[in-house]
Amino acid sequence: MIPVQLEIQGLYSYREKQTINFDPLTAAGLFGIFGAVGSGKSSILEAILLALYGSTERLSDRGEKNSMLNLQSEQMLIRFIFRSGKNNTQTFLARYEAKRNKKDPERVDPASHIFYQQSGSDWEAIDTKAEDIIGMKKEHFKQTVIIPQGKFREFIDLTPGPRAEMMKELFGLERFDLSGKTGHLLRAVKDEKIRLETRLQSLETYSDEGVKEIQDQLVEAQKSWEKSLSELEKLEKILKTQEKLQEKHEAWQQFQKSYAELQAQKPQIEEKRQIHRDFITAKTYLRPVWNQLQELQKDVEKYRVSITDAERFAVEFEKEIDRLQQEETTLRQKNQDRPKREGKIRDLKKVLEIQELDSRFQISKNELDQILPAIQTFQAKRKDLEKEILEKETFLQSESGTDVNQLAELKNQLSSWKDLLEQLAQKEKLISQFEKESEHVENTLLKLRHSIPSEFENLDKWQQAQKEVINSWDEKRENLLRKSGLHSHAHLLEDGEPCPLCGSLEHPNPLEKSAADRSLREIEQKIGQEKEELEKILLIRQQLKEQEIYLQTHGENLKRNRSEKSLLTEKLENLTSQLSAQSIHQKDELEAFIAKLENQSQVREQNLRQLQSLRKELDQIQKQLDSSQENLQKAQLKKENTLTAIQSKKEEIKDPEFCKSFFSKSPEKVEETILKVERDIEIAAEELESKQKYLQEVRTKATTNLADMKNFKATLATVTSKNKNLSAEFEQLKAEHGFQDEEKLIELFEHSLDAEKTAKEIQNFDQQVALVKSKIEELEQDQAVVSFDQAAFEQLQSDLSLFKNESREIQNRLTLLQEELKNTNQKLEEKKEQEKLLAQVEKRETYLRELEKLFKGSGFVKYVSSIYLRELCHTANQRFMKLSKNSLALEIDSDNTFWVIDYLNGGKKRLLKTLSGGQTFQASLCLALALAEKVKALNQADQSFFFLDEGFGALDRNSLRVVFETLKSLRHENRIVGIISHVEELQQEIGVFAQVELDPEVGSQVSYSF
């Protein structure tokens, strides 16, 4: 997680919005946030925790938001932009907002907490929590990324159990809890074993003998099948020969039938042949001449009609031209008066303009009548407001204001009083709880010590004695195993023969296997019981060590809480003594005094708001008055300009007498008159142009008509001569080709006969007759075709069908035997495979039972957690030994407890809690950096961020220098380290930092060194 930007408003001392841009800070690798005590440095980390997890280190978001919210702010708003995900490539926004209740300002409404993800240039709301985005809970976040003030050594103070649990959650070690998976696999193996056994039971009937029996039956069936195929092949050859004869016989019968049908059609074909011959002759020699003759007759009639129409059109065109010439003369006279009529129109338009100006003059006059009373009203209101403002100012000057700083200070003191009382109650509760828990731990220790048998002085001697008992039973078992090895050769002993091992000729007491096995089982059972007893001793030892650590931890916590209670009591006494100087001795008196000051402040604020409202109203009245006076001047100027324009327009009229009657008419009437005259002028011009154009067209048509009439007469004489010659030629052709009856010839011309189709039909008929006759003669040459016996053929088909059925039955039986043999072989192979799988499953079941014992009780997870802690300790030592000048090193034992190796005292080990305050800080810093490094690798991030809020007050100057050099070296490891402190030496060493200062008026303010 890499911070980008943080906006804080209304949190603790941040009254106004402050924006902290982390990009220039994180770019330096090592940066600081400095400021005096109480300036608001630690509140930056509180804001980040609140934006991400909804609660801070000091206060939760339930019931304590009123203490987070600045006393002079109405809302608290935090916007935190950060990068996270793989290699910190995704950008997120966490927004946390809380507001005061409008009805009860002392109460804060439930907060709004939303996360957004950047998509392009937009932010999209997501339903995801910080645990999923960052990949860790708040508790782990405070121990690896942002370490709040006073929580730096929390990882060291954890007991082994919670520390191992933290490693499990932080690094996902639950994946090594394989007991559930092993149990699941074991159950699956058991189910598979039952399935295989059930399957093998169903395959018991399949054997090699069954396969041999089926193979013998298959050989017999194969012989029968081959014999049947030979007979069937002979019959099929005979049937094929008869089928060919049947086909030829049926064809011979069909051709006989076709020939008879063709002879019946022959008279119709001969008639069509004669008609086709006449049609072709008429069409070829007579039809073209007859067609030309018909066309010439039509042309003669057409030209006679055209000549008649042309003569009639010549008379009509002459009458039309006389009429159009008269109308043209009338329209030309009407258009000569146009200039005079257009002058009248211009005068009427001037009349319209003068009427419009008169209307404007009347409007200006009405505006003046309305503006003057409004100005008088505004002047009276201004005078009344000035008097009321003077009275309010005099009242406020006579009243003294409430000191805002004093009120804020008193509120802070009241809040501190409540917080101190609440913290004292919590401390008393914690002290009581620790006392009870210490008493419970002491009782548990007493019970554990009493569980040691009286014959042993301590737990070590009891454990040693138990180990000796187990060793003695192990020796007995080894001796018995050696004897059991000799038993494997006992069957080789024979009376009178030497022993193959020792050569003795006598064998008085040979070993018996059953007795040896029974003794071995008893010894192994006894060893198991003694080992369980040893496990019990080890468990008591572990419990004793844990309870002693618990007792020591509770003692330290009890001492620390009592000390903190004393400090809180002292702070409360100091606070009450300060208030006593102001004659305030009880919390209720302080609350009443604050309420009184707030009431005075509210009254003054109300008067100030009223005064502000009156001044605002006065300004508005003054603006309205200025606007009205400006409108008055504009209206007067407009009135004068309108009068001047009216006089000018009257002087421009050319015919005043003509326009005099129109001044009294409405503008619509005048406009209607103008449009009517203009339209009449346009219509007269258009009609003259149209009439002249139409006259020209009629004259052109008359000339064309006379020319056409002359051409029609000449063409008619030519066409008449051609018609006479062509009629003589047609009569000569009729006589030549034997067509005396002209009506029948015309009917033949109009006949719808398709000559080509008819010729083709006659040709096809002739070809078909020849073909059928030829086929009949060809088939009759084979006497077997003519004498074919259909009944004998059908009997042969029936015999062949019966034989095929018998052959098919033999084939089906052969196929069934082959399928049965194949299925039996498959089942036999499956049986062998299942037996092999069953042996593998039984072997896997044995292994899984062993694994189930190993993984039982999360033992493997604890083991892996110990490995992670040892690796963490090894990484931390690389820095811790440098900080301690190679005099100290960290170590973790099998119980996950931290120890210190003191090389100045011969490398002896001692508890981590024996270190001084400065050494403990160094150890905590090294462990925290190592833990952050592991988290960085786990999250696959290219950069990691580490924020430390610690005063560094426990370190001397040399240790502070070594720590600072260590922090600076982290920049080379692609780490970003932020430090919050008030130590001046650090501020001098770190060049890039943000400075936080507390301003009494506006709250905490953030500035930068760059």
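Criteria and cut-off values
Starting afresh in each chain, residues are numbered from 1 along the sequence in its written order. It should be noted that, the model being predicted, local features are given only for residues of pLDDT at least 70 and side-chain atom pairs only at 80 or more, the latter also being counted only at that level, while totals for whole chains, interfaces and linings use all residues. Just so you know, side-chain values use all the structure's heavy atoms and leave hydrogens and water out. Numbering of helices and strands runs from the N terminus, with a helix taken as a DSSP run of H or I at least four residues long and a strand as a DSSP run of E at least two residues long. Within 3.5 Å is the distance limit for a polar contact, defined as a pair of N or O atoms, with the added protein rule that one can donate a hydrogen and the other accept it, and that residues adjacent in sequence qualify only through two side-chain atoms. Here's how the labels work: a residue is buried when its accessible area is under 20% of the maximum for its type, exposed when over 50%, partly exposed in between, all with a 1.4 Å probe on protein chains only. We treat two strands as partners when DSSP finds at least two bridges between them. Working rule for contacts: check all heavy atoms of both residues, and any pair within 4.5 Å makes them a contact. Lines fitted to the C-alpha atoms define the axes, with helices restricted to the stretch that makes contact. Angles between their N-to-C directions range from 0 to 180 degrees. Working definition of a nonpolar core: buried Ala, Val, Leu, Ile, Met, Phe, Trp, Tyr and Cys residues. They are joined through side-chain atoms within 4.5 Å. A helix's residues, less one, multiplied by 1.5 Å, set its expected span. Any angle between 65 and 115 degrees counts as roughly perpendicular, while under 35 counts as roughly parallel, over 145 as roughly antiparallel, and the rest as oblique. Crossings are classed by handedness, with left-handed meaning an anticlockwise turn of the near helix from the far one by less than a right angle and right-handed meaning a clockwise turn. Residue classes follow a fixed rule: Ala, Val, Leu, Ile, Met, Phe, Trp, Tyr, Cys and Pro count as nonpolar, while Asp, Glu, Lys and Arg count as charged, and any other residue, Gly among them, counts as polar. UniProt positions are given in the numbering used here, feature names are shortened, and annotations may be inferred rather than shown by experiment. For this document, the term salt bridge refers to a Lys or Arg side-chain nitrogen within 4 Å of an Asp or Glu carboxyl oxygen. Two rings from Phe, Tyr or Trp (for Trp, the six-membered ring) form a pair when their centres are within 6.5 Å of each other. A pair whose planes differ by under 30 degrees is stacked, one over 60 is edge-to-face, and the rest are tilted. When the NZ atom of lysine or the CZ atom of arginine is within 6 Å of a ring's centre and also within 35 degrees of its normal, the charge is said to sit over that ring. In this analysis, a patch consists of residues with relative accessible area above 30% that form no salt bridge, clustered at 9 Å for like charges and at 5 Å for the nonpolar side chains Val, Leu, Ile, Met, Phe, Trp and Tyr. For the area figures, the Shrake-Rupley method with a 1.4 Å probe applies, and any residue is considered shielded solely by the protein chains shown. Neither His nor the chain termini are counted; the positive set is Lys and Arg, and the negative set is Asp and Glu. The location of each charge is read from NZ of Lys, CZ of Arg, CG of Asp or CD of Glu.

Draft legend 1. Quick peek at the side chain of S55. Along the chain, S55 falls in the loop between helix 2 (42–53) and helix 3 (65–68). In this structure the side chain of S55 is engaged in a polar contact, spanning 2.6 Å, whose partner is the side chain of K138.

Draft legend 2. Geometry of the pairing of strand 12 (residues 944–949). For strand 12, the buried fraction is high: 6 of the 6 residues fall into the buried class. The pairing of strand 12 with strand 13 (residues 975–981) spans 6 bridges and is classified as parallel. In the strand pairing of strand 13, S944 is matched with R975.

Draft legend 3. Representation of the environment of A94 in the model. Position of A94 among the secondary structure elements: in strand 5 (residues 90–99). Each C-alpha atom of the pair A94 and L52 lies 6.3 Å from the other, and the pair is 42 residues apart in sequence. Apart from the residues lying within four places of it in its own chain, the contact partners of A94 are A51, L52, I78, R79, F80, F82, I114 and F115.

Draft legend 4. A look at the pairing of strand 6 (residues 112–119). Summarising the sheet, strand 5 and strand 6 pair through 6 bridges and their orientation is antiparallel. Within strand 6, the residue paired with E97 across the bridge is S112. Note that strand 6 and strand 7 (residues 122–126) share 5 bridges and pair antiparallel. The residue bridging Y116 from the neighbouring strand is A125, located in strand 7.

Draft legend 5. How the structure looks around the sheet that holds strand 9 (residues 888–892). The sheet built from 3 strands is open, its strands ordered 9-10-11 with antiparallel pairing. What marks the edges here is a single partner per strand, and that holds for strand 9 and strand 11 (908–911). Within the sheet, the average angular offset between the axes of one strand and its neighbour, ignoring direction, is 35 degrees. Looking at chain direction, strand 9 and strand 10 (residues 898–902) are connected through 5 bridges and run antiparallel. Looking at the pairing, L888 lines up with D902 of strand 10.

Draft legend 6. Main features of the nonpolar core. Ranked by internal contacts, the top residues of the largest apolar core, which has 48 residues, are L6, L52 and F141. Contacts of F141, omitting those with residues within four sequence positions, involve M1, L49, L52, Y53, I134, M136 and I146. The next biggest cluster of nonpolar side chains, apart from the first, holds 26 residues, and it includes V864, L883, L890 and C926.

Draft legend 7. Expanded view of helix 16 (residues 667–737). For helix 16, with 71 residues, the first-to-last C-alpha span of 97 Å sits near the 105 Å given by 1.5 Å per residue. Downstream of helix 16 by a residue or two, G738 has a phi angle that is positive, lying close to 80 degrees.

Draft legend 8. Broad picture of the packing of helix 8 (residues 179–202) against helix 20 (residues 790–855). Between helix 8 and helix 20, the shortest axis-to-axis distance is 9 Å and the interhelical angle comes to 155 degrees. Between helix 8 and helix 20, the crossing angle belongs to the class labelled roughly antiparallel. In this structure, the crossing between helix 8 and helix 20 has a hand that is left-handed. Of the residues that constitute the contact of helix 8 with helix 20, the class distribution is 11 nonpolar, 3 polar and 15 charged.

Draft legend 9. Representation of the UniProt feature "coiled-coil region" (unreviewed entry) in the protein chain within the structure. As recorded in UniProt, the sites labelled "coiled-coil region" (unreviewed entry) are residues 293–337, 407–444, 513–652 and 681–845. In this annotation, residues 407–444 is assigned 100% helix and 0% strand; the end-to-end C-alpha distance for the span is 55 Å.

Draft legend 10. Summary view of the pattern of salt bridges. Inspection of every chain in the model, using the stated rule, returns 24 salt bridges. Residue E457 pairs with K461 through a salt bridge whose shortest N-O separation is 2.7 Å. Taken together, the shared-partner salt bridges in this structure form one network comprising R95, E97 and K99.

Draft legend 11. Layout of the packing of aromatic side chains. Taken as a whole, this structure holds 8 aromatic pairs when the rule is applied. Ring geometry for F22 and F31: centres 6.4 Å apart, planes at 65 degrees, overall edge-to-face. Neither F22 nor F31 differs from the other in exposure class; each is buried. Ring plane angle 20 degrees and centroid distance 5.3 Å describe the contact between F80 and F82, whose orientation is recorded as stacked. Of the two residues, F80 and F82, neither departs from the other in class, the shared state being buried. An aromatic cluster is defined as three or more aromatic residues linked by ring pairs; in this entry it consists of F22, F31 and F947. It is K302 that lies over the ring of Y303; its NZ or CZ is 5.0 Å from the centre.

Draft legend 12. Representation of the sheet that holds strand 2 (residues 18–21) in the model. If you walk across this open sheet you meet the 6 strands as 2-1-4-5-6-7, and the pairing is antiparallel. Each having just a single partner strand, strand 2 and strand 7 make up the two edges of the open sheet. Averaged over neighbouring strand pairs, the angle between their axes works out to 20 degrees when direction is ignored. Relative to strand 4 (residues 75–84), strand 1 (residues 2–9) runs antiparallel, the two being bridged by 7 bridges. Bridged to I8 within strand 4 is I78. Most of the contacts of helix 2 go to strand 4, to which it runs at about 80 degrees, and overall it touches strand 1, strand 2, strand 4, strand 5 and strand 6.

Draft legend 13. Just a negative patch on the surface, in detail. A grouping of E16, E997, D999 and E1001 is seen on the molecular surface, where their side chains present a negatively charged patch. Inspection of the secondary structure puts E997 in strand 14 (residues 993–999).

Draft legend 14. The arrangement of the packing of helix 10 (residues 338–398) against helix 14 (residues 587–651) in detail. For the pair helix 10 and helix 14, interaxial distance at closest approach is 6 Å and the crossing angle is 160 degrees. Between helix 10 and helix 14, the angle falls in the class roughly antiparallel. The hand of the helix 10/helix 14 crossing is left-handed.

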